[in-house]
Structure formats: structure tokens, C-alpha cells
Amino acid sequence: MDWNHYRFRSLWPLPAPPAAVYAVLERPEDYPRWWPQVRAVTRLDHSTGILTIRSALPYAMTFTARERRRDPVAGVLEIAVSGDIEGWARWTVTAAGPGTLAVYEQEVDVRKPLLRRLAVPGRPVFRVNHRLMMRSGRRGLLRRLRAV
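Attention in this report is confined to the structure presented alongside it. (Residues numbered from 1 in each chain as written. Predicted model: local features only at pLDDT ≥ 70, side-chain atom pairs only at ≥ 80, totals over all residues. Heavy atoms only, no water.)

1. Thoughts on the environment of Gln-106
Heads up, the rule is: The way it works is that DSSP assigns letters per residue, a run of H or I at least four long becomes a helix, a run of E at least two long becomes a strand, and they are numbered from the N terminus. The cut-offs for exposure are 20% and 50% of the maximum accessible area for each residue type, with area from a 1.4 Å probe on protein chains only; residues under the lower value are buried, those over the upper are exposed, and the others partly exposed. Only heavy atoms matter for contacts: two residues are in contact if any of them lie within 4.5 Å across the pair. We call two N or O atoms a polar contact when they sit within 3.5 Å, provided that within protein one can donate a hydrogen and the other can accept it, with sequence-adjacent residues counted only if both atoms are side-chain atoms.
With respect to the helices and strands, the residue Gln-106 is situated in strand β7 (residues 99-110). Judged by relative accessible area, which is 9%, Gln-106 ranks as buried. Through-space distance from the C-alpha of Gln-106 to that of Glu-78 is 9.5 Å; in sequence the pair is 28 residues apart. Ignoring any residue separated from it by four or fewer positions in sequence, one finds Gln-106 in contact with Tyr-6, Arg-7, Phe-8, Ile-85, Trp-88, Ala-89 and His-130. Among the polar contacts listed, one links the side chain of Gln-106 to the side chain of Tyr-104, at a separation of 3.3 Å. A distance of 3.2 Å separates polar atoms of two side chains, one belonging to Gln-106 and the other to His-130.

2. Some remarks on the packing of helix α1 (residues 18-25) against helix α4 (residues 119-147)
Between two packed helices, the angle of one axis relative to the other and the distance separating the axes together describe the packing. We apply this condition: Note on definitions: angles span 0 to 180 degrees between N-to-C directions of axes, and those axes are lines fitted to C-alpha atoms, for helices only across the stretch in contact. Any angle from 65 to 115 degrees is called roughly perpendicular, while one under 35 is roughly parallel, one over 145 is roughly antiparallel, and all others are oblique. A clockwise turn of the near helix away from the far one marks a right-handed crossing, whereas an anticlockwise turn of less than a right angle marks a left-handed crossing. For this scheme, ten residues count as nonpolar: Ala, Val, Leu, Ile, Met, Phe, Trp, Tyr, Cys and Pro. Four count as charged, namely Asp, Glu, Lys and Arg, and the remainder, Gly too, count as polar.
Packing of α1 against α4 leaves a shortest axis separation of 11 Å and a crossing angle of 115 degrees. When the axis of α1 is compared with that of α4, the two are roughly perpendicular. When you trace α1 past α4, the crossing you get is right-handed. Where α1 abuts α4, its residues Ala-20, Val-21, Val-24 and Leu-25 lie against Leu-141, Arg-144 and Leu-145. Within the contact of α1 with α4, the residues separate by chemical class into six nonpolar, no polar and one charged.

In C-alpha cells form, the structure reads like this:
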């Protein structure tokens, strides 16, 4: 087992139409306004940016995100990431009853040296840290959707 390889999947049921959810998620430069753990997003061009995130643990991760797929009809937003983490992340936004189901999937390898050294003892804590970040993101997105 590679202790520095992670797969995550989060399901966010949301009481808003898929188009409204997609419209917010496709603007990563606005994430810091509603997702507290996304500390900074700097656009480099129309399909690439640098993100810095920090959740409950006292470390930040910085990575470059490059758009791989943007498909509003299918409700898919996918990026390749490189830097402190390397791999991919994807949002899939679909109708679910009167609202939306936003599915977040991520498969990455950790490259940040400190986190690699702490891979075995830290793995359960890193997973909880990610879960807390995602829970906070969903709450922030709910507030954002109510405001628009």
C-alpha cells in the first residue's frame, strides 16, 4: 500500500437547481469567499490557477490546478493538480429530486515532504482533516447558494 496515495469521495445533497450549483463551483476564484479552508486562489490564465488550502491541522497545501474538463451539460468540472499534491479532482453535479447532488471525487499522491514523512502515523488524521474541510465546504456552499 502506498501510504501517500489518497482517494476521496464526498456527496453533497443541495437544495438548489443543478445549474445554480454548477455556476458557483465553476468559479474557483470565488471559493475563498464561501469555503474558509480555501485560503487563496490565483488565476494564471483561463484554465489554470494556484490554490492554497488549510483545514484544521497546522499546515497549508499549495498546488496548481489545470482544467481538464468543463462540461456544463454533463455537470462535470475536472482538474489536474500538481504541487504539494499530484493527481486529479472532479465535481459531478446532477439533479436529485427537487435539488442537486454534487459529487466530489479526488485521487492524489501527497508530495509535500513533511506529510510524506508522517504518512503512516498521520494517515487517519489527514483523512479526518479532509472530511472536516469538505463538511465546512458544503456548509459554505449552502450559504452561498442562499445568497445568490
